[in-house]
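Listed here are the chains, written in short residue letters.
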Amino acid sequence: MSSIELPSPFQLVELDCVDSTNAEAKRLAEQGAPDCTIVWAKCQTSGRGRRGRKWVSDTGNLYFSILLRMPYPMETMTQLSFVAANAVADAVSVAAPRGAFVNVKWPNDVLVEGKKVSGILMEGEPDIKTGAFKYLVLGIGVNIANHPVVEEGAYPATSLAAQGSVGEGLSVEKMLDTLAKRFLAGVATWRNLGFGPIRRHWLARAKGVGGPVAVRLPNETIEGVFGALDENGALVLHLDGQPNRVITAGDVFISQNSPHI
Ligand code: BTN
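Source: prediction; values computed, not measured. (Residues numbered from 1 in each chain as written. Predicted model: local features only at pLDDT ≥ 70, side-chain atom pairs only at ≥ 80, totals over all residues. Heavy atoms only, no water.)

Here the focus is the domain arrangement of the protein chain. Each assigned domain of the protein chain is listed here: domain 1 (11-205) and domain 2 (212-254). When each unit is reduced to the centre of its C-alpha atoms, the spacing between domain 1 and domain 2 is 23 Å. Between domain 1 and domain 2, the contact holds 16 residues from the first and 19 residues from the second. Among the residues domain 1 hides against domain 2, the three largest losses belong to Arg51, Trp106 and Tyr155. Together they make up 48% of the total. Linking domain 1 to domain 2 there are 3 salt bridges. In this structure, Asp251 and Arg51 form a salt bridge, with 2.8 Å as the shortest nitrogen-oxygen distance. Counting every contact that joins domain 1 to domain 2 gives 10 residue pairs in polar contact (both at pLDDT 80 or more). Of all elements in the fold, only α2 (76-95) and α4 (196-205) reach the threshold of two or more residues within the side of domain 1 that touches domain 2. Residues that form the side of domain 1 that touches domain 2 fall into these classes: 8 nonpolar, 3 polar and 5 charged. (Domains from an automatic or database assignment. Contact = heavy atoms within 4.5 Å. Buried area = accessible area lost by both parts, 1.4 Å probe. Salt bridge = Lys/Arg side-chain N within 4 Å of Asp/Glu carboxyl O. Polar contact = N/O pair within 3.5 Å; in protein donor to acceptor, adjacent residues only side chain to side chain. Helix = DSSP H or I, 4+ residues; strand = E, 2+ residues; numbered from the N terminus. Nonpolar A, V, L, I, M, F, W, Y, C, P; charged D, E, K, R; others polar.)

Structure (structure tokens):
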């Protein structure tokens, strides 16, 4: 018996500890698990982050993955990660202390007071024949009770506890419940009205847009101005005296004092 009840069509698989909820969701997908299966674990032994990084996953935080089976064309994968980032930002705003600044940072990190409190890792299994994904796994981690000490040069991290949340604001169950409901509402908006309202909602909370940013790519770091978010969610970087660069994957660094929120 699960400790929380999620709305239909979610089906909750609740685990104590697992290697990675994304890995488990993929294994379940291969065994035929239905659309909207949610794999939630109290801790992860091999939590994974974006770009091959490790996601430290001690007990006390939220770690879960949503299996999505609708036939998504490849280009919509990014759009769905923005739907998820909006849902996380909404849920974090509810849990954060009153007046705390909650922002999103490209592509789908959520920050409290300028520090990363949540990350999203989306992985897809492509169907070569149709050009769509057989399924997507959307993995979300939210630092509630603790956060890792980050390496030098990495983005600063925080947790809701470190920011002063109390009571229900520190409940992993409540966070999962709020987040799942917001995500469902966001997917409905996206399916009915397209990416436009999702993009606007994201931009309303975005940190760094219009200001100087450094974008770290696998082989280089480029500095420029975050000019715009294009119609598919890519970052348009304005460079001094050169054509714009359209970035689809990378890590954005914003000065902690940036007024551009
Ligand atoms: C990032 O690097 O910002 C993305 C982090 C994503 C972490 C979550 S925790 C639940 C799910 N399972 C994983 O192994 N990773 C994601």
